[in-house]
Amino acid sequence: QVQLVESGGDLVQPGGSLRLSCVGSGFTFSAYTMSWYRRTPGNERELVAQITKDGRTGNIADFAKGRFLISRDNTKNTISLEMNSLRPEDTGVYYCNMYRFPSAYWGQGTQVTVSS
């Protein structure tokens, strides 16, 4: 079955950087657009960034533009999210997502905390 496993979340100071990773299995990874979402305290889950099957950045949230970079390595069934200039409001749980009609698949999430 489809599995998505995120890693890389941590406690980081404001202005710092983190790199999140997500490994997918149970499906043809290279055939699907992949996405990062996040849920920050008190808010609904929201899209952070998408990457197409061939590595082009798709939709990206305004808060992520210029600070976050999404990438993928189809040889390793992995997508990554490089996050720079982190802010306290970036604190939340970050999720990996894949949509294969008619279902959306999610990982368990990885916690990012930005605090001094």
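Residues numbered from 1 in each chain as written. Predicted model: local features only at pLDDT ≥ 70, side-chain atom pairs only at ≥ 80, totals over all residues. Heavy atoms only, no water.

## Notes on the overall build of the chain
Thought 1: Tallying secondary structure elements over the chain gives zero helices and 11 strands in all.
Thought 2: By the compact-globule yardstick of 13 Å for 116 residues, the chain fits well, its C-alpha radius of gyration being 13 Å.
Thought 3: Considering only C-alpha atoms, the chain reaches an extent of 40 × 25 × 20 Å along its principal axes.
Thought 4: In the chain, which comprises 116 residues, the proportion classed as buried is 41%.
Thought 5: The long-range fraction of contacts in the chain, counting pairs at least 24 apart against all pairs at least 6 apart in sequence, stands at 53%.
Thought 6: With an accessible surface of roughly 6,100 Å², the chain has 46% of that area assigned to carbon and sulfur atoms.
Thought 7: Positive and negative charge centroids in the chain, built from 12 and 10 side chains respectively, lie 6 Å apart. (Helix = DSSP H or I, 4+ residues; strand = E, 2+ residues; numbered from the N terminus. Rg over C-alpha atoms; globule rule 2.2 N^0.38 Å. Buried < 20%, exposed > 50% of the residue type's maximum accessible area, 1.4 Å probe, protein only. Contact = heavy atoms within 4.5 Å. Areas by Shrake-Rupley, 256 points an atom, 1.4 Å probe, with all protein chains shown as cover. Lys, Arg positive; Asp, Glu negative; His and termini not counted. Charge placed at Lys NZ, Arg CZ, Asp CG, Glu CD.)

## A few points about the packing of aromatic side chains
Thought 1: Counted by the stated rule, this structure contains five aromatic pairs.
Thought 2: Consider the rings of Phe27 and Phe29, whose centres lie 5.9 Å apart with planes at 40°: the pair is tilted.
Thought 3: The class of Phe27 is buried, set by a relative accessible area of 10%.
Thought 4: Here the aromatic rings of Tyr37 and Trp106 are separated by 4.9 Å at their centres, their planes lie at 75°, and the arrangement is edge-to-face. (Phe/Tyr/Trp six-rings, centres within 6.5 Å; stacked < 30°, edge-to-face > 60°.)

## So, the state of the cysteines
Thought 1: Summed over the entire model, instances satisfying the criterion amount to one disulfide.
Thought 2: Paired by a disulfide, Cys22 and Cys96 hold their sulfur atoms 2.1 Å apart. In this structure the cystine formed by Cys22 and Cys96 twists about its S-S bond by roughly -80°; its chirality is therefore left-handed. Of this pair, Cys22 sits in strand β3 (residues 18-25) while Cys96 sits in strand β9 (residues 92-100), and the two are 74 residues apart along the sequence. (Disulfide = S-S within 2.5 Å.)

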